[in-house]
Amino acid sequence: MTIEQIFSKLKGDKWIWIIVLILSGWSLLAVYSSVGTLAYKEGKGTELYLFKHFAIIAVGLVLMYLSHKLDYRYYAGISKMLMIITIPLLLATLIFGDSINQANRWLTIPVINQSFQTSDLAKLALITFLARMLSRKQEDIKDVKKSFVPIMGAVCAVFVLIAVANMSTAVMLFSVSVLLLLIGRISFKQISIVCIGCGILLMLVAFLGPRRATYMSRIEGFFHTEETIDGSGAVPFQEDKNFQANNSKIAIATGGFFGKGWGNSVQRNVLPHPYSDFIFAIIIEEYGTVGGFVLLSLYLALMYRIIRIVTLSPRAFGAFLAAGLGFSLTIQALANMAVAVGLGPVTGVPLPLVSMGGTSILFTSVALGIILSVSRNVEELKGKEELNDVVKPRRVVVGTI
C-alpha cells in the first residue's frame, strides 16, 4: 500500500496527521536514546523499552484513527458519562491510588493489573463536558443558576481533586477551562470571581496539602537558583535542591547550535527522568538549538491547524471541542519546554506525543482523533456545498438577447 493510499483512508486535516507521525517517530529516537540508565537500574535491555514505547505509540495511532472515524457529535453524550466516571475515579485515586514520588496519581485496574493516570482521563472528560455545556447554554449563558453554577461546579470539582496530588496539571487544566469560558461568552466578572476562589484553594493546597513540602521546595528553588557543580560538570544531587533543573540547563547549554548528535547525550545519565519530564533538554543536547526550534515549530503548527478547524467549524460544539483539546495539548507542551529551559518550576508534566508514557500518549491520541473528527465533518460539509454548487440547475431566461 502506497503513502497516497494510506492518506486517502485518513480523513480530516492531513497536516495534523503528518505532524503526529513526525512527533511519534522523533519520540522513538529520543526515548531509545535516553532510557539507558533506567534499563541499567532495572537490569533490562534498552530494546525492551523501545519495543514497549513503539507498541504504545502504535495503539495510540489506532485509537486516534478510531476516534476520528466517529462523528464528533457523539462525544457530547459520551462527555456526560465520562464526567460521572471521572469524579469518583479521581477521589479513589487520592484514597487508594499508587503513591509515586509522594503523590497518589495512579490507579491500578484490578483485573488486568494495569495502572493509569486518572488526571489524563479527567482532562478529556472536563473539556468535552465544557464544550457540550457551553454550546447548549448559549441562550442562557449569562444566567448564573442555569449556566454558570453547573459549568463552574464541574471545573472546580475536577480542579480540587487533581490539585491535591498534581498541582501543575490542575493549573493547566483550569487555564484551558478559563480560555474556553471566555470563548463561550461567560461573564468576565463571574470568571474573575472563580479565579480568585481557585487561587485561594491553590494556596491552601500548596501550604496545607499533603505535598506542601514538595510544592514549596520547587517554588523556592525556582526563585533561588544557586548550584554546585562537581569536576565532571554535573550538579551533585545531595548538594543542590535544583538538581533536575540545573542539569537540564547543562544539557541545553552543552548542546550548542547543532547538538552532539543522536545518542551522544551526557546528561541522560544524570537527570532522573530524561525520557519523560526532561526529554526536551535531551533533544536539545543531541539535536541542538535547531532541533529544539523545529520541535517547538511542530507544536505551534499543530495549534495553527487546530485553530483553523475551529474557525471553519459551523457548529458551536465542534468549535469549543477542538479549541479546548488544542489549547490543552499546546499549553502542556509549552509548559514542559518552559521547565526544561528554566522558565518555570519543575512540574513533572510530560511532552505530548514525545515523552515516554502510557496513558498520556493514549489519551492525547484520542484527543487528536476527536479534533480530526471535527475536521472531517468540516471537510464533508464543504464537499456537499461544492457538490450542490456543481449540480445546481441554471436558470434559463427566455427573452430578448
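Residues numbered from 1 in each chain as written. Predicted model: local features only at pLDDT ≥ 70, side-chain atom pairs only at ≥ 80, totals over all residues. Heavy atoms only, no water.

*Asks:* What's the story with a nonpolar patch on the surface in this structure? I'm lost.
*Replies:* A cluster of nonpolar residues, V160, I196, I200, L201, M203, L204, F207 and L208, forms a patch on the protein surface that exposes about 750 Å² of accessible area. For the nonpolar patch, the leading source of residues is helix α9 (residues 188-208), giving seven residues. Along the polypeptide, L208 turns up in helix α9. The exposed category is assigned to L208, whose relative accessible area is 61%. (Patch = residues over 30% accessible without salt bridge, like charges linked within 9 Å, V, L, I, M, F, W, Y side chains within 5 Å. Areas by Shrake-Rupley, 256 points an atom, 1.4 Å probe, with all protein chains shown as cover. Salt bridge = Lys/Arg side-chain N within 4 Å of Asp/Glu carboxyl O. Helix = DSSP H or I, 4+ residues; strand = E, 2+ residues; numbered from the N terminus. Buried < 20%, exposed > 50% of the residue type's maximum accessible area, 1.4 Å probe, protein only.)

*Asks:* I keep staring at helix α8 (residues 167-183) and nothing clicks. Help me out?
*Replies:* What sets the pattern is the α-helix's 3.6 residues per turn: residues three or four places apart point alike. With 17 residues, α8 should reach 24 Å at 1.5 Å per residue; the first-to-last C-alpha distance of 24 Å fits that figure. Among the 17 residues in α8, 12 count as buried, and that is most of the element. Those residues of α8 that sit buried are M167, S168, T169, A170, M172, L173, F174, V176, S177, V178, L180 and L181. Immediately downstream of α8, the backbone of R185 shows phi near 70°, a positive value. (Expected span 1.5 Å × (residues − 1).)

*Asks:* Would you mind showing me how to read a positive patch on the surface here?
*Replies:* On the surface, a cluster of positive charge is contributed by K9, K11, K14 and K69. Judged by relative accessible area, which is 32%, K14 ranks as partly exposed. (Lys, Arg positive; Asp, Glu negative; His and termini not counted. Charge placed at Lys NZ, Arg CZ, Asp CG, Glu CD.)

*Asks:* Is there a simple way to think about the pattern of salt bridges in this case?
*Replies:* Pairing between side chains of opposite charge can happen when the charged atoms of each approach one another. A full pass over the atoms with the stated rule returns six salt bridges. Its salt-bridge partner being D71, residue R73 comes within 2.7 Å of it at the nearest N-O pair.

*Asks:* Looking at this structure, I do not really get the UniProt feature "transmembrane region" (unreviewed entry) in the protein. What am I missing?
*Replies:* Sequence positions flagged by UniProt for "transmembrane region" (unreviewed entry) are, in local numbering, residues 15-36, 48-66, 78-96, 171-188, 193-210, 278-304, 316-341 and 353-374. For the annotated span residues 48-66, helix accounts for 100% and strand for 0% of the residues, and the straight-line distance between the end C-alpha atoms is 27 Å. Along residues 353-374 one finds 73% helix and 0% strand; the C-alpha atoms at either end are 20 Å apart. (UniProt positions renumbered as here; feature names shortened; annotations may be inferred.)

*Asks:* Explain the nonpolar core here, please?
*Replies:* Nonpolar side chains in soluble globular proteins generally cluster together in the buried interior. Core analysis: the biggest nonpolar cluster contains 87 residues, and I16, L295, Y299, L351 and L368 have the highest contact counts within it. By residue number, the principal contributor to this core is helix α12 (residues 279-312), which donates 12 residues. In contact with L351, not counting residues within four places along its chain, are S276, I279, F280, L295, Y299, A333, N336 and M337. Counting six residues, the second largest nonpolar core, distinct from the first, contains L271, F278, V339 and V346. (Core = buried A, V, L, I, M, F, W, Y, C linked by side-chain atoms within 4.5 Å. Contact = heavy atoms within 4.5 Å.)

*Asks:* Explanation requested: the packing of α12 against helix α13 (residues 316-340) in the structure shown.
*Replies:* Two measures define how a pair of helices packs: the angle their axes make with one another and the distance between the axes. Taken N-terminus to C-terminus, the directions of α12 and α13 make an angle of 165°; their axes are 10 Å apart at the nearest point. Compared by their axis directions, α12 and α13 come out roughly antiparallel. Here α12 and α13 pass one another in a crossing that is left-handed. Contact with α12, carried on its side by F280, A281, L295, L296, Y299, L302, M303, I306, I309 and V310, involves A319, A322, A323, G326, F327, L329, T330, A333, L334, N336, M337 and A340 of α13 and no other residues of that element. (Axes fitted to C-alpha atoms, helices over the stretch in contact; angles between N-to-C directions. Parallel < 35°, antiparallel > 145°, perpendicular 65-115°, else oblique. Left-handed = near helix turned anticlockwise from the far one by under 90°.)

*Asks:* Would you mind showing me how to read the environment of F174 here?
*Replies:* With respect to the helices, strands and loops of the structure, F174 is situated in helix α8. Overall, the relative accessible area of 11% leaves F174 in the buried class. Considering only alpha carbons, one finds F174 and C198, 24 residues apart in sequence, at a separation of 8.9 Å. Filtering out sequence-adjacent residues up to four positions away, F174 remains in contact with V155, F159, V194, C195 and C198.

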